[in-house]
Amino acid sequence: MLRLRLILAAALSSALLSCTKPNAPIEPVPRSVLDAPPPAPPGPVIPQFVDVAESAGLKRVLYCGGPDKDHILESVGTGGAFIDYDGDGRLDVYLVNAWALDEQPSRVRLKGRNALYRNKGDGTFEDVTDKAGVCDESWGCGVSAADYDGDGRVDLYVTNFGPNRLYRNRGDGTFEQVAEKAGVADPGWGAGSAFFDSDGDGDLDLYVANYIDATMDDVLSARRTTVWREKVKVLSGPFGMRGGRDRFYRNNGDGTFRDATDEAGMTDTAESYGLGVLASDLDFDGDVDVFVANDSNPNFLYRNNGDGTFTEIGAWSGAGVNGNGVAQAGMGVDAADFDGDGRPDVLVTTFAQDSASIYHNDGDLAFRDVSASIGLKAITYQALKWGCAFFDADHDADVDVVIANGHIYPQVDQAPELNESYRQLPFLLRNDKGRLTDVSRDAGPGMQIAVSGRGLAVGDYDDDGDLDLLVTAMDAPPLLLRNDTPRSGHWLKLRLLNRHGSPAIGTRAIFTAGGKAQHREIRSGSSHQSQNALELHCGLGPSATVDHVEIVWPGGRKTVLDHVEADRTVTVREP
């Protein structure tokens, strides 16, 4: 092991000594854009965010149905992604769009266009959608990203109401739509999705959650018949509707997939209403498990049996229902070690008049709902919650929580006595030694913008070392919430590339600094129909040096880095 460390240290010395970008020279960024935040005042830091979407050029309106939202398809919104599609080391933005409908009688008024924005490196973006060829006239829902064909370039999978799209990255700034040829053009109503290596063969398979079986005729003829809290008439569902069956596609290794749902043990016999998908090694046994947040049904947890098959253990694990034994309306999902015990906990967002849930990982895929004891229940009960993430907003060496909120019923605005609103403010919850403190209303002007939020992605788009937020909103442009938190701690960011030169999906890293170990994992998908940046960020608190970084690649091989200087980005390639 010592010899391996010395060899790797020599091979990676240039990565450790400079802030690098993969496959690109180091380019200075104008200080007018990336000036470091001012020093933090004494006491606990409150993160600060400001919305810069308009000035950055992210102006695309994201549609989702008509103003009254008569059918449930018009309620779930669309997702977004932070990706580096051109390999220049900067995070670009992809936005999924749906259609705009007129009021009754319903008809299609406009077919929204997905959008790809190239990061120009000066805090602004260029719309390259047409040039890149990543837009069609589908009713879009979600997006996940990965290099599915092993050519070193990040590809995009877009779920739709109707056939899904797989955009293969050609490497010249353009994409080819190959879903039908690749065998993944699922014709249902796709929601969350994720690429991951299910069987350890070195290529990435694909899980797709399908929400509800419906037709466009159902959507256009829908009428609001349900009465919400005995006050207003709203859309119906999902109860009373047939759930879509999720799909698992195994990668054939030649650029195509086959439907292996049944043989893998992932048959959705309950026809549950799947929305959020998390592919993560939740028990650290070296293979990837799959968690599915189901709306109004128990969540699924597929334990990887280590041979490319799975066993559904949602009920047994304790994460299928909340602490009261009740199935919730699961929307978004994420996982991270929230309390520092070395095991990833699971966050699930839910409907209004119900708490979001954090399931504490007790080991061996046994989970416990701790939402009440850590303060999450009291904070989140009233809101309707969607995209979510664990991330270190303030560099204090623990993960905080962010949640995008927004109702599905515009009609609640007509009944003030309900104390609900269609457009809602997001949550930013600071981790204070394992308990959550709601700092949302003090977290800068970006956190004071009420929208009917849906998707949420996390990434450092301006390369200043702290994590920014991309939030999609119903019938409105997205929010780009730049993190302007006063600098109170150090950080380290890893860009981990596999043998193909693309982001190493499924790789874990353990950062040890100041006597504390933190775990991070590169994942495709998660949140609500969205994609976080495919790189690892770790806040370090007062530690200016990371004592030890252990990188665990898929398959179990390890790279060890010792005494890494903080406040930089380090690129490491799989040995």
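Predicted model, so just to flag it, every value in this text is computed and none were measured.

## Examining the overall build of the chain
Next up, step 1: Scanning the chain for helices and strands turns up nine helices and 38 strands.
Next up, step 2: A compact globule built from 575 residues should have a C-alpha radius of gyration of about 25 Å, and the chain, at 22 Å, falls within 12% of that.
Next up, step 3: Overall, the chain is about 70 × 55 × 50 Å in size when its C-alpha atoms are taken along their principal axes.
Next up, step 4: Of all 575 residues assigned to the chain, the portion counted as buried reaches 62%.
Next up, step 5: The contacts in the chain between residues at least 6 apart in sequence include a share of 62% that link residues at least 24 apart.
Next up, step 6: As displayed, the chain has an accessible area near 20300 Å², and 50% of this comes from carbon and sulfur atoms.
Next up, step 7: Treating the 54 positive side-chain charges of the chain as one cloud and the 87 negative ones as another, the clouds have centres 2 Å apart.

## Things to note about the packing of aromatic side chains
Next up, step 1: Applying the stated rule across the entire model yields 20 aromatic pairs.
Next up, step 2: On the basis of an interplanar angle of 35° and a centroid distance of 5.8 Å, the ring pair of Phe125 and Tyr461 is categorised as tilted. With Phe125 in strand 7 (residues 125–127) and Tyr461 in the loop between strand 29 (453–459) and strand 30 (468–473), this residue pair connects regions lying 336 residues apart in the sequence.
Next up, step 3: With a relative accessible area of 4%, Tyr461 lands in the buried category.
Next up, step 4: Plain terms: the ring middles of Phe196 and Phe248 are 6.1 Å apart, the flat faces sit at 45° to each other, and that makes the pair tilted. Placement of Phe196 in strand 11 (residues 190–196) and of Phe248 in strand 15 (residues 247–251) is noted, with a sequence separation of 52 residues between them. Phe248 matches Phe196 in its accessibility class, with the two residues each being buried.
Next up, step 5: Aromatic rings pair up to connect Trp99, Trp139, Phe161, Trp189, Tyr211, Phe239 and Tyr273 into one cluster.
Next up, step 6: Sitting over the ring of Phe284, Arg508 keeps its end group 4.3 Å from the ring centre.

## Description of the UniProt feature "domain: ASPIC/UnbV" (unreviewed entry) in the chain
Next up, step 1: Per the UniProt record, "domain: ASPIC/UnbV" (unreviewed entry) is found at residues 504–571.
Next up, step 2: Counted over residues 504–571, helix gives 0% and strand 56%. Its end C-alpha atoms are 11 Å apart.

## What about unusual backbone geometry?
Next up, step 1: A cis amide bond links Gly237 with the next residue in sequence, Pro238, at an omega value of 0°.
Next up, step 2: Within the secondary structure, Pro238 is located in the loop between strand 14 (232–234) and strand 15.
Next up, step 3: Despite not being glycine, Phe284 has its phi angle at roughly 55°, a positive value.
Next up, step 4: Its place among the elements puts Phe284 in the loop between strand 17 (273–280) and strand 18 (289–295).
Next up, step 5: One non-glycine residue, His563, lies in the positive phi region at around 55°.
Next up, step 6: Residue position: His563 is located in strand 37 (residues 558–565).

## Some remarks on the environment of Ser421
Next up, step 1: As for its position among the elements, Ser421 is in the loop between strand 26 (400–405) and strand 27 (427–432).
Next up, step 2: Placed 38 residues apart in sequence, Ser421 and Ala383 show a C-alpha to C-alpha distance of 8.8 Å.
Next up, step 3: Among the polar contacts made by the side chain of Ser421, one reaches the main-chain carbonyl oxygen of Arg423 at a distance of 2.8 Å.

## Observations regarding the pairing of strand 38 (residues 568–573)
Next up, step 1: Most of strand 38 is tucked away: five of the six residues are buried.
Next up, step 2: With six bridges joining them, strand 32 (residues 490–497) and strand 38 adopt parallel strand pairing. Bridge pairing links Lys493 to Thr569 in strand 38.

## Remarks on the sheet that holds strand 21 (residues 333–336)
Next up, step 1: In space, the four strands of this open sheet follow the order 21-22-23-24, with antiparallel pairing throughout. Only two strands of the sheet have a single neighbouring strand rather than two, namely strand 21 and strand 24 (366–369). Across the sheet, the mean angle from the axis of one strand to that of its neighbour is 25°, orientation sign disregarded.
Next up, step 2: Note that strand 21 and strand 22 (residues 345–348) share four bridges and pair antiparallel. Of the residues in strand 22, the one forming a bridge with Val333 is Val348.

## Details of the sheet that holds strand 7
Next up, step 1: If you walk across this open sheet you meet the four strands as 2-3-6-7, and the pairing is antiparallel. The open sheet terminates on both sides in strands that have one partner only, identified here as strand 2 (80–83) and strand 7. Strand-to-strand, the axes of this sheet are offset by a mean angle of 20°, without reference to chain direction.
Next up, step 2: Taken together, the three bridges between strand 6 (residues 115–119) and strand 7 define a ladder with antiparallel strand orientation. Across the sheet, the residue bridging to Asn119 is Phe125, located in strand 7.

## Brief notes about the pattern of salt bridges
Next up, step 1: Enumeration according to the criterion identifies 40 salt bridges in this entry.
Next up, step 2: Among the salt bridges present, the one from Asp88 reaches Arg90, with a minimum N-O distance of 3.1 Å.
Next up, step 3: Asp88 gets classed as buried once you look at its relative accessible area, which sits at 14%.
Next up, step 4: Arg90 sits in the buried class, given a relative accessible area of 11%.
Next up, step 5: In this structure, Glu180 and Arg165 form a salt bridge, with 3.3 Å as the shortest nitrogen-oxygen distance. You can see Glu180 sitting in helix 6 (residues 179–182) and its partner Arg165 sitting in strand 9 (residues 155–169), a full 15 residues away along the chain.
Next up, step 6: Classification of Glu180 as partly exposed rests on a relative accessible area of 48%.
Next up, step 7: Residue classification places Arg165 among the buried positions, given a relative accessible area of 16%.
Next up, step 8: Connected through salt bridges with shared partners, the residues Asp149, Asp151, Arg153, Arg168, Glu176 and Lys181 form a single ionic network.

Definitions and cut-offs
- Residues numbered from 1 in each chain as written.
- Predicted model: local features only at pLDDT ≥ 70, side-chain atom pairs only at ≥ 80, totals over all residues.
- Heavy atoms only, no water.
- Helix = DSSP H or I, 4+ residues; strand = E, 2+ residues; numbered from the N terminus.
- Rg over C-alpha atoms; globule rule 2.2 N^0.38 Å.
- Buried < 20%, exposed > 50% of the residue type's maximum accessible area, 1.4 Å probe, protein only.
- Contact = heavy atoms within 4.5 Å.
- Areas by Shrake-Rupley, 256 points an atom, 1.4 Å probe, with all protein chains shown as cover.
- Lys, Arg positive; Asp, Glu negative; His and termini not counted.
- Charge placed at Lys NZ, Arg CZ, Asp CG, Glu CD.
- Phe/Tyr/Trp six-rings, centres within 6.5 Å; stacked < 30°, edge-to-face > 60°.
- Lys NZ or Arg CZ within 6 Å of the ring centre and 35° of its normal.
- UniProt positions renumbered as here; feature names shortened; annotations may be inferred.
- Polar contact = N/O pair within 3.5 Å; in protein donor to acceptor, adjacent residues only side chain to side chain.
- Pairing = 2+ DSSP bridges.
- Axes fitted to C-alpha atoms, helices over the stretch in contact; angles between N-to-C directions.
- Salt bridge = Lys/Arg side-chain N within 4 Å of Asp/Glu carboxyl O.

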